Amino acid sequence: MKALGRKGHFMDTGISEFLLVFQTVVQWIAIILSASSGVYDARRNGLDYFGALVIAVIVAVGGGTLRDILLGRYPLFWLQDPIYLISILIVGVIGIILVPISKGSLITENTVHNDLFNAVVSLMFGTSGSFALIDAISLGMWAYLGTFYALTSGIPPLIAPVMGVITASFGGVLRDVFFVKIPELFRPGQFYALASFAGAAAYTVCWTFMIPYPTGFLACIIITFLVRMISVRYNITSF
Amino acid sequence: MKALGRKGHFMDTGISEFLLVFQTVVQWIAIILSASSGVYDARRNGLDYFGALVIAVIVAVGGGTLRDILLGRYPLFWLQDPIYLISILIVGVIGIILVPISKGSLITENTVHNDLFNAVVSLMFGTSGSFALIDAISLGMWAYLGTFYALTSGIPPLIAPVMGVITASFGGVLRDVFFVKIPELFRPGQFYALASFAGAAAYTVCWTFMIPYPTGFLACIIITFLVRMISVRYNITSF
Amino acid sequence: MKALGRKGHFMDTGISEFLLVFQTVVQWIAIILSASSGVYDARRNGLDYFGALVIAVIVAVGGGTLRDILLGRYPLFWLQDPIYLISILIVGVIGIILVPISKGSLITENTVHNDLFNAVVSLMFGTSGSFALIDAISLGMWAYLGTFYALTSGIPPLIAPVMGVITASFGGVLRDVFFVKIPELFRPGQFYALASFAGAAAYTVCWTFMIPYPTGFLACIIITFLVRMISVRYNITSF
């Protein structure tokens, strides 16, 4: 991840090496999960292979794209390095093969979770309980990246967390626009945008007080994760 | 308003001082009114506090944002100066407290207009007749600002009024996209876009003939206001 | 077309002169056809003159605008040269006069194809069989232009065809968003996006191997045309 190298304030220790690997792994899990859930939802909404690929791209990189267009940050990351679109394409093709076009979901209704194949499908395509856990971690990752890019672009700290929230959650908003639904994110439900905002705000505070690298990053990931999971576990909802 | 200072051709008189104050006042009334109507509509459409805040931002600064993205005018005004988002946030929080989530509107149906509190609510949240008057003035203000920015960005005069119309009315179009409705602005109704176009065109003519400052500005405000109010008063509608 | 001149590798022959004229003619037919179909669909969906003009603009230049915003290619072509908006305006006004607001289509149901006037209307407003032929040629033209601009903007060849597809077909996607419909392009149907992708990919291959000018251009037009027309003729659909 070229962009992560721009920080230039990594500690020269094993922990920092580990965190860099952790960041890269989480970011790619986030992209693959988003693309998977995009293609899954697209097929269930009756979209063909092309629509499913477009929705996969939108869910995976739509939030980051909107952020970069608002910030005027060019060139866009996924137009510079083909690795993003190629990864999403691979996930998309797998999803199109596994998930038939339908209104109802064949997978959630008929799959028996008794082998590795089904486990991977259900993990990647959103029918497993572990999805919520991993999704909560990626949510924090996107919030961190969006806020970080905003701050390094010179956006005032009071506004930077907004870019974190946009990066973390507007892929899904754009998806819902194409599905002709009022965005789920805007409706009463368990905290999602608020979780990413809390993490983004925590990171911004650490940035403002120049607290060195891993603190702000970890604060963002952990706080986003906690707010999200507590809201899911105790069904605390927005109003 | 930094941007207004860029004109550099104010008359050094009391009238020009007054106009500058007038402009600032109208611009802030326009932002607050737009945010108020956004949060009000959002709550009536069943959106939670987050959705209401997003819609408030979109209605208030969405048109100007689309204009600046089309013009490549960076950084975006509301990302540079936190005052915009903070003002919209305050309006949004007040609106979320006052307007409960519902399909029908409690305020319009139950409120008795017999005290100051109700008057302010009804003024800010769109149930008062005076809303149409103030909205018509803000419409002209946005048309003026959009056209002015377009012309100073080197957009040909034949196209500049289009940017005025986008600034004045596309916040509402974006709102309707998220509400999953064919934009009201595109449907037969009293002149709205046309009013802002008429004002923007008048300003562009004044600009082209280098008529000094307040004339074009006032022409834009007055013509937009007249076209809009005559259309409302005599129910002249588009076809 | 200034942009076409940037290639600088035209052959100095009559064929190249012919191709330049051909490109210009096809590009303008494409713009006029797109604007016509936009205004036609808008009127049938109950939009007023303003909505019809906006949809005409979106269908005609929306794909290219999205491409340029993603590429950060400023100023936008239709903001620099009024000829685009003026042409669309003329087509739009003719369309608004000829196509009354309605849910059903008066023209397709009542028109007897027995004079030149009706032939032109049916050709321009999408009720004629020749529409499919011309539309398939314009599809290739947009795919070519989008891919060409992406490659000259330094986009990697693996991604450039995506810009061709966006240019060729996202005007219609944006139209459907405002019509509150799941985009037709994303639903099972005859190949459209795939046809433009095939042409764009062919052009990208020619560009990568530095094959001189008309080959890649013609390959794009012909391959897009063939994929599209074979899919229409034999009703081969996406899945």
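Everything numeric here is computed off the predicted structure, so don't read it as measured data.

(A) Broad picture of the overall build of chain A. For chain A, the count of helices and strands is eleven helices and zero strands. Of the regular secondary structure in chain A, the N- to C-terminal order runs α-α-α-α-α-α-α-α-α-α-α. With 239 residues in all, chain A has 56% of them scored as buried. When contacts within chain A are restricted to residue pairs at least 6 apart in sequence, those whose partners lie at least 24 apart make up 72%. Surface exposure of chain A reaches about 9900 Å², of which carbon and sulfur atoms provide 69%.

(B) Fine view of the relation of the copies chain C and chain A. With an RMSD of 0.0 Å, chain C superimposes on chain A once it is rotated by 120° and translated 0.0 Å along the axis. Here the two chains are linked by the operation of a three-fold rotation axis. Minimal C-alpha separation from the rotation axis in chain C is found for Val180 of chain C, amounting to 3.5 Å. The fraction of interface residues of chain C whose copies in chain A are also interface residues is only 14%, indicating that the copies meet through different surfaces.

(C) Just the UniProt feature "transmembrane region" (unreviewed entry) in chain A, in detail. On the UniProt side, "transmembrane region" (unreviewed entry) is annotated at positions that read residues 20-40, 47-70, 82-101, 121-145, 157-179, 191-210 and 216-236 of chain A here. What you have in residues 20-40 of chain A is 100% helix and 0% strand, and the ends, taken at the C-alpha atoms, are 30 Å apart.

(D) Expanded view of helix H11 (residues 213-233) of chain C. Residues and elements named next belong to chain C. Here H11 spans 31 Å end to end across 21 residues, near enough to the 30 Å set by a 1.5 Å rise per residue. Buried within H11 we find Tyr213, Pro214, Gly216, Phe217, Ala219, Cys220, Ile221, Thr224, Arg228, Met229 and Ser231. Directly after H11, the chain includes Asn235, whose backbone phi takes a positive value near 50°.

(E) Expanded view of the packing of helix H3 (residues 49-71) of chain C against helix H5 (residues 83-98) of chain C. Residue and element names in this part refer to chain C. H5 packs onto H3 with a crossing angle of 135° between their chain directions and a minimal axis gap of 9 Å. By the angle between their axes, H3 is oblique relative to H5. Pair H3 / H5 crosses with right-handed handedness. Note on element contacts: H5 touches H3 through Leu85, Ile88, Leu89, Gly92, Val93 and Ile96, opposite Tyr49, Ala52, Leu53, Ala56, Val57, Ala60 and Val61.

(F) Fine view of the interface of chain B and chain C. Residue-level contacts link 28 residues of chain B with 27 residues of chain C. Contact with chain C buries area across many residues of chain B, yet Leu70, Phe186 and Phe239 of chain B alone supply 30% of it, more than any other trio. Applying the counting rule to chain B against chain C returns zero salt bridges. Remark: the boundary between chain B and chain C carries five residue pairs in polar contact (both at pLDDT 80 or more). Mapped by element, the contributors of at least two residues to the side of chain B that touches chain C are helix H3 (49-71), helix H9 (160-178) and helix H10 (193-208) of chain B. Considering every element that reaches the side of chain B that touches chain C, the biggest residue donor is H9 of chain B, with six residues. Counted by class, the side of chain B that touches chain C contains 24 nonpolar, two polar and two charged residues.

(G) Representation of the pattern of salt bridges within the structure. Residues and elements named next belong to chain B. Throughout the structure, instances matching the rule amount to twelve salt bridges over all chains. Residues Arg175 and Asp41 are paired through a salt bridge, measuring 3.5 Å at the closest nitrogen-oxygen approach. Residue Arg175 is located in helix H9, and its partner Asp41 is located in helix H2 (residues 14-44); the two are separated by 134 residues in the primary sequence. The same class applies to Arg175 and to Asp41, which are both buried.

(H) Layout of a nonpolar patch on the surface. On the surface, a nonpolar cluster with roughly 540 Å² of combined accessible area is contributed by Leu218, Ile222, Leu226, Ile230, Tyr234 and Ile236 of chain A. Turning to its location among the elements, Ile230 of chain A is positioned in helix H11 (residues 213-233).

(I) View of unusual backbone geometry. Following Tyr74 of chain B, the chain continues into Pro75 of chain B via a peptide bond in cis, with omega recorded as -10°. Positionally, Pro75 of chain B belongs in the loop between H3 and helix H4 (77-80). Backbone geometry places Val180 of chain A, a non-glycine residue, at a positive phi of 60°. Considering the arrangement of structural elements, one finds Val180 of chain A in the loop between helix H9 (160-178) and helix H10 (193-208). Under the relative-accessibility criterion, Val180 of chain A is labelled partly exposed at 23%.

(J) Representation of the interface of chain C and chain A in the model. Listed by partner, the interface residues are 28 residues for chain C and 28 residues for chain A. Of all residues in chain C, Leu70, Phe186 and Phe239 of chain C give up the largest surface area on contact with chain A, accounting jointly for 30% of the area buried on that side. Linking chain C to chain A there are zero salt bridges. Scanning the region where chain C abuts chain A turns up five residue pairs in polar contact (both at pLDDT 80 or more). Sorting the residues of the side of chain C that touches chain A by element identifies H3, helix H9 (160-178) and helix H10 (193-208) of chain C as the ones contributing at least two each. In terms of residue count, H9 of chain C provides more of the side of chain C that touches chain A than any other element does, six residues in total. Its residues assigned to classes, the side of chain C that touches chain A comprises 24 nonpolar, two polar and two charged.

(K) Here's a closer look at empty space enclosed by the protein. The full count for this structure, using the stated rule, is two cavities of 30 Å³ or more. Every residue lining the largest cavity is listed: Asp176, Val177, Val180 and Lys181 of chain A, Val177 and Val180 of chain B together with Asp176, Val177, Val180 and Lys181 of chain C. Going through the elements one at a time, H9 of chain A together with H9 of chain C are the ones with two or more residues in the lining of the largest cavity.

(L) Summary view of the state of the cysteines. Taken as a whole and judged by the stated rule, the model has zero disulfides over all chains. Free cysteine Cys220 of chain C: the closest other cysteine sulfur is in Cys206 of chain C, separated by 9.3 Å.

(M) Region of interest: the packing of aromatic side chains. For the coordinates displayed, the defined rule picks out 37 aromatic pairs over all chains. The interplanar angle of 85° and the centroid separation of 5.1 Å between the aromatic rings of Phe77 of chain A and Tyr84 of chain A together place this pair among those described as edge-to-face. For the residue pair Phe77 of chain A and Tyr84 of chain A, the accessibility class agrees, reading buried in each case. A centroid spacing of 5.6 Å and a plane angle of 65° characterise the contact between Phe186 of chain A and Phe178 of chain B, whose relative ring orientation is edge-to-face. Placement of the pair is Phe186 of chain A in the loop between H9 and H10 and Phe178 of chain B in helix H9, with the two residues belonging to separate chains. For Phe186 of chain A, a relative accessible area of 0% gives the class buried. Among the aromatic residues, those joined into a cluster by ring pairs are Phe18, Phe22, Tyr144, Phe148, Tyr149, Tyr203, Trp207 and Phe217 of chain B. Here the guanidinium or amino end of Arg73 of chain A rests over the ring plane of Tyr149 of chain A, the centre of that ring lying 3.9 Å away.

(N) Representation of the nonpolar core. Counting 197 residues, the largest nonpolar core has Trp78 and Phe186 of chain A, Trp78 and Phe186 of chain B together with Trp78 and Phe186 of chain C as the members making the most contacts within it. The residues touching Trp78 of chain B, leaving out its near neighbours within four places in the chain, are Leu70, Ile159 and Met163 of chain A together with Val61, Thr65, Tyr84 and Leu85 of chain B.

(O) Structural detail: the environment of Leu70 of chain B. Within the element layout of this structure, Leu70 of chain B appears in helix H3. The spacing of Leu70 of chain B and Met163 of chain B is 93 residues in sequence and 8.8 Å in space, taken between C-alpha atoms. Aside from chain neighbours lying at most four places away, what touches Leu70 of chain B is Met163 and Ile166 of chain B together with Thr65, Ile69, Tyr74, Leu76, Trp78 and Leu79 of chain C.

(P) How the structure looks around the environment of Phe239 of chain B. Mapped onto the elements of the fold, Phe239 of chain B is located in the segment after helix H11 (213-233). Put simply, Phe239 of chain B and Gln190 of chain B are 49 residues apart on the chain and 9.7 Å apart in space, counted from C-alpha to C-alpha. Aside from chain neighbours lying at most four places away, what touches Phe239 of chain B is Arg43, Asp48, Tyr49, Ile96 and Ile101 of chain C.

The rules we used
Residues numbered from 1 in each chain as written. Chains lettered and ligands numbered in written order. Predicted model: local features only at pLDDT ≥ 70, side-chain atom pairs only at ≥ 80, totals over all residues. Heavy atoms only, no water. Helix = DSSP H or I, 4+ residues; strand = E, 2+ residues; numbered from the N terminus. Buried < 20%, exposed > 50% of the residue type's maximum accessible area, 1.4 Å probe, protein only. Contact = heavy atoms within 4.5 Å. Areas by Shrake-Rupley, 256 points an atom, 1.4 Å probe, with all protein chains shown as cover. Least-squares fit on C-alpha atoms with pLDDT ≥ 70 in both. UniProt positions renumbered as here; feature names shortened; annotations may be inferred. Expected span 1.5 Å × (residues − 1). Axes fitted to C-alpha atoms, helices over the stretch in contact; angles between N-to-C directions. Parallel < 35°, antiparallel > 145°, perpendicular 65-115°, else oblique. Left-handed = near helix turned anticlockwise from the far one by under 90°. Buried area = accessible area lost by both parts, 1.4 Å probe. Salt bridge = Lys/Arg side-chain N within 4 Å of Asp/Glu carboxyl O. Polar contact = N/O pair within 3.5 Å; in protein donor to acceptor, adjacent residues only side chain to side chain. Nonpolar A, V, L, I, M, F, W, Y, C, P; charged D, E, K, R; others polar. Patch = residues over 30% accessible without salt bridge, like charges linked within 9 Å, V, L, I, M, F, W, Y side chains within 5 Å. 1 Å grid on protein atoms, 1.4 Å probe; cavity = no way out; pocket = protein on both sides within 12 Å on 5 of 7 lines; lining within 4 Å. Points joined across faces, edges and corners; volume = space filled by probe spheres on them. Disulfide = S-S within 2.5 Å. Phe/Tyr/Trp six-rings, centres within 6.5 Å; stacked < 30°, edge-to-face > 60°. Lys NZ or Arg CZ within 6 Å of the ring centre and 35° of its normal. Core = buried A, V, L, I, M, F, W, Y, C linked by side-chain atoms within 4.5 Å.

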